[in-house]
Amino acid sequence: MNMVDSQRRNPKGVSSLWKVLAALCVLALASVLAACGGDDSKSSSGGSQEIDELPVSDAGDLGEPVPAIKVIGPSPGYDPAENEAMQLMVDAMKEIGLKVEYQGFPDFTSLADATAANDFGDFAIVSAGYLGNVDRLEPSALLTPTFTCDAVGDSNWSGYCRDEFDQLLADANAELDEGARKELIDEIQDLLADDLPMLVLYHPAVPAVYNSSDVSDVVLSPAAAYFHFQNLVEANPADGAITVGASEAGAPLNPMCNEGSYFQTYEYQGLIYDRLTRIDAEGNPQLWMAESIERDGDTTVVVKLRDGLEFSNGDPVTADDVKFTYDYINEWKVGYYSGPLGHVKSISTEGDDTVIFELKDAYAQIEAELFGRVGILPKSIWENVVEKEGLKHPCDYQKHDFIGSGPYTLDYYDPAQGIRLLRNDGYFEPANAKEIIGRVYSSQQSLFQDLLAGEVDFTDSDPGFTPSQISQAEGNSNLTVEDVETLTVRFMQFNLRDGSPFQDLALRTAVGHMLDSGQIVGGILAGRGTAGAGIIAPANTRWHNEEVEFPAYNPQQAVEVLTEAGYGWDESGRLHFPSDHEPQVFAEAAE
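Worth saying up front: this structure is predicted, and the values here are computed from it rather than measured.

S.K.: Please explain the state of the cysteines as it appears in this structure.
M.R.: As enumerated under the stated definition, the model contains two disulfides in all. A disulfide bridge connects C257 with C395, and the sulfur atoms are separated by 2.1 Å. Judged by the torsion about the S-S bond (105 degrees), the C257/C395 disulfide is right-handed. Here C257, found in the loop between β8 (241-246) and α8 (263-272), pairs with C395, found in the loop between α13 (385-389) and β15 (408-414); they are 138 residues apart in sequence, far enough to count as distant. In this structure C257 comes out as buried when scored by relative accessible area, which is 13%. Classification of C395 as partly exposed rests on a relative accessible area of 23%. Disulfide partners in the protein, listed by the sequence order of the bonded cysteines, are 1-2, 3-4.

This is the structure we're talking about:
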């Protein structure tokens with residue numbers, strides 16, 4: 001059977017006016033419901049509620065005071081909306097008697113370094129997020145690095161490690177029937193909602209803007225707006241060039257350096273180094289370099305390559321190049337691919353056009369997560385490069401000519417300045433654009449001005465345009481603006497390690513009742529977004545669990561949760577642990 005879904009859909013936009021009106025209606029309804037509220041349901045809601053009064057306990061009944069809570073997250077300059085949302089949460093946590101301090105960081109690198117400092121022991125909460133992209137439509141792309149035991153000490157910042165979760169995810173990854181897999185992914189989302197290692201603050205709706213006077217035949221993606229492979233290959237620019245504006249510098253273009261999905265750089269890599277499958281705008285894997293992909297039983301996958309594939313230097317692409325690429329990346333343990341490659345037992349070839357993958361398990365998402373992620377390298381260039389160049393790792397190899405088999409070839413790249421890619425006319429499906437020009441801007445304002453002037457066609461991700469700028473863009477006849485409900489998640493992650501006060505589920509639940517989604521979405525985001533609904537965003541309609549429930553905004557309920565768990569308050573309003581405190585890390589296992 002053919003394993004790859006070939007359907008594509010072009011989502012239709014909704015006018016900005018109707019979206020604003022809808023957001024105001026939802027916000028008003030949420031306020032009414034919250035004012036009437038007070039039940040124990042776990043659905044998120046907005047509204048203004050106050051704590052009646054913090055009950056004061058007898059000193060002899062109190063345990064130790066809950067230590068000061070250190071929260072780390074983005075500075076106002078790095079992410080103003082998330083920073084403002086976290087300031088609300090800091091104030092809210094103070095209302096239930098916690099001492100809280102917030103430290104902001106100017107970029108993701110410094111925040112990640114601070115998170116890992118002192119063996120992940122120097123924070124109680126970290127606020128961060130994941131940008132949506134087409135790879136992250138596959139649920140395991142977020143679930144695996146964020147919550148599995150193997151990722152603790154790396155990308156699993158909370159230290160959440162539960163065997164039941166790991167087993168459910170392993171079962172889901174091995175389930176080939178999509179309906180049965182959806183049930184397992186739903187169960188995983190329910191478990192995470194019960195255990196609360198993370199609270200998702202919101203999912204922003206990105207105002208996607210493009211230069212419709214210059215570029216036609218574009219497809220809007222819920223994962224990546226307009227900046228994705230399908231548009232960069234199939235869109236038609238009137239002047240022959242697609243110009244992309246970026247508000248931050250890129251990463252090394254060498255694919256052997258990929259320790260994470262640096263959105264801008266990763267997309268450009270995919271235009272140079274072709275892949276066995278491609279992920280379309282809706283997140284479906286499409287046959288690409290592979291002419292066919294077939295299963296022989298559950299754990300053998302046979303890939304047959306298209307005829308006539310060539311690298312940009314004229315050398316043929318063979319099955320040996322494909323096998324070499326996967327083996328080479330695995331040998332050097334390139335981080336971004338380590339999870340998917342962990343499912344592979346061995347790779348062999350038959351002739352020049354057939355590659356056979358023997359798997360450790362059924363690995364249901366191999367077409368999207370492995371075949372759609374890895375760019376094929378020419379073995380003749382990379383095989384002995386470490387020895388020849390005296391390198392410690394292939395990532396150090398920067399002198400090569402970036403020979404790939406993709407739809408474009410590299411003309412110029414400077415991570416701080418930009419990139420120029422030229423169409424590969426020998427490609428089996430030549431791109432419509434003659435060149436791709438990527439520009440890195442020193443400020444978001446300068447990027448926006450060039451967009452208004454028609455100098456930029458797409459932006460590479462959410463550039464954080466203000467409501468005033470969006471209004472200007474909507475009034476510009478050369479631009480098209482659409483709000484996109486994205487896969488992006490902005491979250492606060494609790495540290496569950498020994499010694500952290502948030503090792504206790506009751507305290508995490510109480511903080512969950514202090515999350516006012518209505519104020520965040522209606523106020524900070526001006527209605528452009530949705531309330532946090534878990535790490536798999538509602539925009540991912542294929543895999544999001546619509547029934548998943550989180551603690552509703554209800555400050556008085558937060559006090560009741562803490563009281564029932566044995567917490568208490570002294571005369572100054574400081575929260576104390578129960579006198580016989582033994583933290584309960586996880587929710588009770590389902591019967």
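Text resumes after the structure shown.
S.K.: Honestly, the packing of helix α16 (residues 505-512) against helix α18 (residues 555-564) in this entry has me stumped. Any pointers?
M.R.: Geometrically, a packed helix pair is captured by the angle between its two axes and the distance between the axes. Across the interface, α16 lies against α18 with an axial gap of 8 Å and an inter-helix angle of 170 degrees. The pairing of α16 with α18 is recorded here as roughly antiparallel in orientation. Between α16, through A506, L507, T509 and A510, and α18, the contact on the second element is made entirely by A558, V561 and L562. When the residues that make up the contact of α16 with α18 are grouped by side-chain class, the tally is six nonpolar, one polar and no charged.

S.K.: What's the story with the sheet that holds strand β11 (residues 290-295) in this structure? I'm lost.
M.R.: Adjacent strands of a sheet pair through backbone hydrogen bonds, lying either parallel or antiparallel. As summarised here, the arrangement of the four strands in space is β11-β12-β14-β13, forming an open sheet in which the pairing is antiparallel. Every other strand in the sheet has two partners, leaving β11 and β13 (344-350) as the edge strands with one partner each. Neighbour-to-neighbour, the strand axes of this sheet turn through a mean angle of 20 degrees, independent of strand direction. In this sheet, strand β12 (residues 300-305) lies alongside β11 in antiparallel orientation, the contact comprising five bridges. When the bridges of β12 are listed, R295 appears paired with V301. Where helix α9 (residues 319-331) meets the sheet, its contacts fall on β12, β13 and β14 (354-359), and the angle it forms with β13 comes to roughly 165 degrees.

Rules used in this analysis
- Residues numbered from 1 in each chain as written.
- Predicted model: local features only at pLDDT ≥ 70, side-chain atom pairs only at ≥ 80, totals over all residues.
- Heavy atoms only, no water.
- Disulfide = S-S within 2.5 Å.
- Helix = DSSP H or I, 4+ residues; strand = E, 2+ residues; numbered from the N terminus.
- Buried < 20%, exposed > 50% of the residue type's maximum accessible area, 1.4 Å probe, protein only.
- Axes fitted to C-alpha atoms, helices over the stretch in contact; angles between N-to-C directions.
- Parallel < 35°, antiparallel > 145°, perpendicular 65-115°, else oblique.
- Contact = heavy atoms within 4.5 Å.
- Nonpolar A, V, L, I, M, F, W, Y, C, P; charged D, E, K, R; others polar.
- Pairing = 2+ DSSP bridges.

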